[in-house]
Amino acid sequence: MKQKVKKAIIPAAGLGTRFLPATKALAKEMLPIVDKPTIQFIVEEALKSGIEDILVITGKSKRSIEDHFDSNFELEYNLEQKGKTDLLKLVNDTTAINLHFIRQSHPRGLGDAVLQAKAFVGNEPFVVMLGDDLMDITDDKAVPLTKQLMNDYEETHASTIAVMKVPHEEVSAYGVIAPQGEGVNGLYSVDTFVEKPAPEEAPSDLAIIGRYLLTPEIFTILETQEPGAGNEVQLTDAIDTLNKTQRVFAREFKGKRYDVGDKFGFMKTSIDYALKHPQIKEDLKAYIIQLGHELDK
Ligand code: UTP
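Residues numbered from 1 in each chain as written. Predicted model: local features only at pLDDT ≥ 70, side-chain atom pairs only at ≥ 80, totals over all residues. Heavy atoms only, no water.

Under an unreviewed UniProt entry, the protein has the name UTP--glucose-1-phosphate uridylyltransferase and belongs to Streptococcus macacae NCTC 11558. Among the UniProt annotations of the protein, the heading Pathway (unreviewed entry) holds the following wording: "Carbohydrate metabolism; nucleotide-sugar metabolism." In its Catalytic activity (unreviewed entry) section, the UniProt entry covering the protein states "alpha-D-glucose 1-phosphate + UTP + H(+) = UDP-alpha-D-glucose + diphosphate". (UniProt positions renumbered as here; feature names shortened; annotations may be inferred.)

What follows is the structure, encoded as structure tokens:
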């Protein structure tokens, strides 16, 4: 039966070891891109795509995520008294959202994080949006990747996983698909999904990125899913099992993706976003040109 996709899960309970020591007490999903926490971009993508309910999977040291989306009476009162209506609107915008939170008690892997959402999701298709993966944040006109997956679901009524071509030597950092043939308008049928293959064993350079549209049957599989690569319960392994009983498609993303959980990825995200930010873009451009001259010396 065809159902509408209304719910999104944002897993944000990982340890963020690639970003230590910053992530010892601070959630990496709260790392600011200029002036906006990473997770807020993701919530905005969900809302822009027509998602109505969002569940954030949190864990240890992640209190700031809940606080960010909660009201802050003192701050609001203070801004109101000072007539800072623009800032007040920015602060209020983050509280008027239908957000729910649940904790993953141990970060056993992405598959285990998604399993925590079973009761929230019920028997509906849903999307998973990774808390440290940003898409097209400098292009307001782009169709959000989550919306692209939802559009595919309207046609196929099947799970669809976002993928992207990555340099061959980097495939071992990702889940990778073995596509069946060339794909039609960027939509592929898939033979297998493999987590973190060695480059010489990778079936393609099409890597899974942080947006998934899944049917609820994934939960039954996750309940008995054994740990895989890195001794973590891998969502990719569960998707590969799902693909054996119902078709799972892959949608190739052609836009710009940012891995904020990686130090260099974070720097690129910040620079690209800052170069579009009305308050600082001109100063940053001038600074980059000056840096270029200094590096040339
Ligand atoms: P990552 O593998 O990028 O997150 O997971 P990580 O484990 O925190 O990062 P590193 O490799 O140690 O630096 C992708 C997303 O899935 C969440 C993370 O919070 C991140 O947003 N995740 C991962 C969980 O919610 N639970 C887990 O057990 C693992």
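**Q** Explain the site of the ligand to me, please; I cannot follow it from the model alone.
**A** Among the 19 residues in the neighbourhood of the ligand, the closest are listed as Gly 16, Thr 17, Glu 29, Gln 104 and Gly 109. A distance of 3.0 Å separates an oxygen atom of the ligand from a polar backbone atom of Leu 15. Between the ligand and the protein, one listed contact pairs an oxygen atom with a side-chain N or O atom of Lys 28 at 3.0 Å. Per-class residue counts for the shell around the ligand are eight nonpolar, six polar and five charged. (Near = heavy atom within 4 Å. Polar contact = N/O pair within 3.5 Å; in protein donor to acceptor, adjacent residues only side chain to side chain. Nonpolar A, V, L, I, M, F, W, Y, C, P; charged D, E, K, R; others polar.)

**Q** Explain the environment of Val 128 to me, please; I cannot follow it from the model alone.
**A** One can find Val 128 in strand 6 (residues 126–129). Assessed through its relative accessible area of 0%, Val 128 is described here as buried. The contacts of Val 128, once residues within four sequence positions are left out, are Ile 9, Pro 11, Val 114, Gly 210, Arg 211, Tyr 212 and Leu 214. (Helix = DSSP H or I, 4+ residues; strand = E, 2+ residues; numbered from the N terminus. Buried < 20%, exposed > 50% of the residue type's maximum accessible area, 1.4 Å probe, protein only. Contact = heavy atoms within 4.5 Å.)

**Q** What is the right way to look at the pattern of salt bridges in this model?
**A** For side chains of opposite charge, pairing can occur when their charged atoms come near one another. The full count for this structure, using the stated rule, is 16 salt bridges. A salt bridge links Arg 251 to Asp 152; the shortest N-O distance between them is 2.8 Å. Note that Arg 251 is positioned in strand 12 (residues 248–252) and Asp 152 in helix 7 (residues 145–156), a separation of 99 residues in sequence. By relative accessible area, which is 13% here, Arg 251 ends up buried. In this structure, the salt-bridge partner of Asp 240 is Lys 244, at a minimum N-O distance of 3.0 Å. Linking Asp 240 with Lys 244, this pair stays in helix 9 (residues 235–245), spanning four residues, or about one helical turn. Among the residues examined, Asp 240 registers a relative accessible area of 14% and is labelled buried. Using a relative accessible area of 61% as the deciding quantity, one classes Lys 244 as exposed. One salt-bridge network, in which partners are shared between bridges, spans Arg 18, Lys 28, Asp 132 and Asp 259. (Salt bridge = Lys/Arg side-chain N within 4 Å of Asp/Glu carboxyl O.)

**Q** Where do I start with a nonpolar patch on the surface in this structure?
**A** A contiguous nonpolar surface patch, about 370 Å² in accessible area, is contributed by Phe 264, Met 267, Ile 271 and Ile 288. With respect to the helices and strands, the residue Ile 288 is situated in helix 11 (residues 281–296). With relative accessibility at 36%, the residue Ile 288 sits in the partly exposed group. (Patch = residues over 30% accessible without salt bridge, like charges linked within 9 Å, V, L, I, M, F, W, Y side chains within 5 Å. Areas by Shrake-Rupley, 256 points an atom, 1.4 Å probe, with all protein chains shown as cover.)

**Q** How should the pairing of strand 6 be read in this particular structure?
**A** Two faces make up the sheet, and in a regular strand the side chains alternate between them. Of the two faces of strand 6, the one holding Phe 126 and Val 128 and the one holding Val 127 and Met 129 are both buried throughout. In the sheet, strand 1 (residues 7–11) pairs with strand 6 via three bridges, with the strands oriented parallel. The residue bridging Ala 8 from the neighbouring strand is Val 127, located in strand 6. Note that strand 6 and strand 11 (residues 206–214) share four bridges and pair antiparallel. Bridge pairing in strand 11 links Phe 126 to Leu 214. (Pairing = 2+ DSSP bridges.)

**Q** Help me understand the packing of aromatic side chains in this model?
**A** Any two aromatic rings considered together are summarised by their centre-to-centre distance and by the angle between their planes. With the rule as written, the count across this model stands at three aromatic pairs. Summarising the aromatic geometry, the rings of Phe 19 and Phe 266 are spaced 5.4 Å apart at their centres and angled 90 degrees between planes, so their arrangement reads as edge-to-face. Remark: Phe 266 occurs in helix 10 (residues 263–274) and Phe 19 occurs in the loop between strand 1 and strand 2 (32–33); sequence separation between them is 247 residues. In this structure, Phe 19 and Phe 266 share a single accessibility class: buried. Taking NZ or CZ as reference, Lys 36 lies 4.6 Å from the ring centre of Phe 41, over its face. (Phe/Tyr/Trp six-rings, centres within 6.5 Å; stacked < 30°, edge-to-face > 60°. Lys NZ or Arg CZ within 6 Å of the ring centre and 35° of its normal.)

**Q** What am I meant to see in the pairing of strand 9 (residues 175–184) here?
**A** By the bridge criterion, seven bridges tie strand 9 to strand 10 (residues 187–195) in an arrangement that is antiparallel. Looking across to strand 10, one finds that Pro 179 is bridged to Val 190. Hairpin connection, strand 9 to strand 10: the antiparallel pair is bridged by two residues, and Asn 185 has positive phi, about 50 degrees.

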